[in-house]
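What the coordinates show
What follows is each chain in one-letter form.
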Amino acid sequence: MTDQHGPEAWRERVFAADQELLARHAELVAVDNVIGLEATVARLQHDLKRSRARVKELQDVVRARDEEIAALRSSRTWRAGRALVRPFSRLRG
C-alpha cells in the first residue's frame with residue numbers, strides 16, 4: 001500500500017472534509033445572522049416611522065387644543081366668569 005491510501009492519509013482527508021463542512025456551516029450561520037439582523041432593522045425602521053407619524057398626530061391634537069383653550073380664555077363669557085369668581089377665590093385660600 002502507498003501512503004496515499006494509508007490510514008493517515010484517510011484521516012487527513014476526513015479531517016479536511018470535516019473542516020470544509022464546519023467552515024460552510026459557519027458561513028451559513030453568519031448569513032442567517034445577517035438576514036435576521038436586516039429583518040430586525042427593517043422592522044425597527046417601520047416602527048420608528050409609525051411612531052414619528054403618531055407623534056406628529058399628537059402634536060397636531062395638542063396644538064388644536066391649545067388654540068381652543070386660547071379662544072375660550074379670550075371669550076367674553078370666560079372673562080365675565082373670572083371677574084365674578086375672583087372675589088370668592090380669595091376666600092378659598
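Please refer to the structure higher up on the page.
Residues numbered from 1 in each chain as written. Predicted model: local features only at pLDDT ≥ 70, side-chain atom pairs only at ≥ 80, totals over all residues. Heavy atoms only, no water.

**A few points about the overall build of the protein chain**
Scanning the protein chain from terminus to terminus reveals 2 helices and 0 strands. In terms of C-alpha radius of gyration, the protein chain reaches 38 Å, well past the compact-globule figure of 12 Å for 93 residues. If you line up the protein chain on its principal axes, its C-alpha atoms span 115 × 30 × 5 Å. Split into buried and exposed, the 93 residues of the protein chain put 2% on the buried side. When the accessible surface of the protein chain is totalled, it reaches about 9,000 Å², and 60% of it is carbon and sulfur. Computed over 18 positive and 14 negative side-chain charges, the separation of the two mean positions in the protein chain equals 28 Å. (Helix = DSSP H or I, 4+ residues; strand = E, 2+ residues; numbered from the N terminus. Rg over C-alpha atoms; globule rule 2.2 N^0.38 Å. Buried < 20%, exposed > 50% of the residue type's maximum accessible area, 1.4 Å probe, protein only. Areas by Shrake-Rupley, 256 points an atom, 1.4 Å probe, with all protein chains shown as cover. Lys, Arg positive; Asp, Glu negative; His and termini not counted. Charge placed at Lys NZ, Arg CZ, Asp CG, Glu CD.)

**Quick notes on helix H2 (residues 76–92)**
Compared with an ideal rise of 1.5 Å per residue, which puts 17 residues at 24 Å, H2 spans 24 Å between its outermost C-alpha atoms and is within 8% of the ideal. When the local axis directions of H2 are compared, the greatest deviation, roughly 40°, occurs at Arg86, which is followed within four positions by the proline Pro87. (Expected span 1.5 Å × (residues − 1). Bend = angle between axes of the 7 residues up to and from the residue.)

**Examining the pattern of salt bridges**
For the structure shown, the criterion picks out 7 salt bridges. Residues Arg24 and Glu27 are paired through a salt bridge, measuring 3.1 Å at the closest nitrogen-oxygen approach. Taken together, the residues span about one helical turn, with Arg24 and Glu27 both in helix H1 (residues 7–73) at a distance of 3 residues. Look at Arg24 and you get partly exposed, because its relative accessible area is 43%. Note on Glu27: relative accessible area 45%, which makes it partly exposed. We note a salt bridge from Asp60 to Lys56, for which the minimum N-O separation is 3.6 Å. With Asp60 and Lys56 both in helix H1 and 4 residues apart, this pair spans about one turn of that helix. For Asp60, a relative accessible area of 34% corresponds to the partly exposed category. (Salt bridge = Lys/Arg side-chain N within 4 Å of Asp/Glu carboxyl O.)

Bear in mind that shape data such as this cannot, by itself, settle questions of function.
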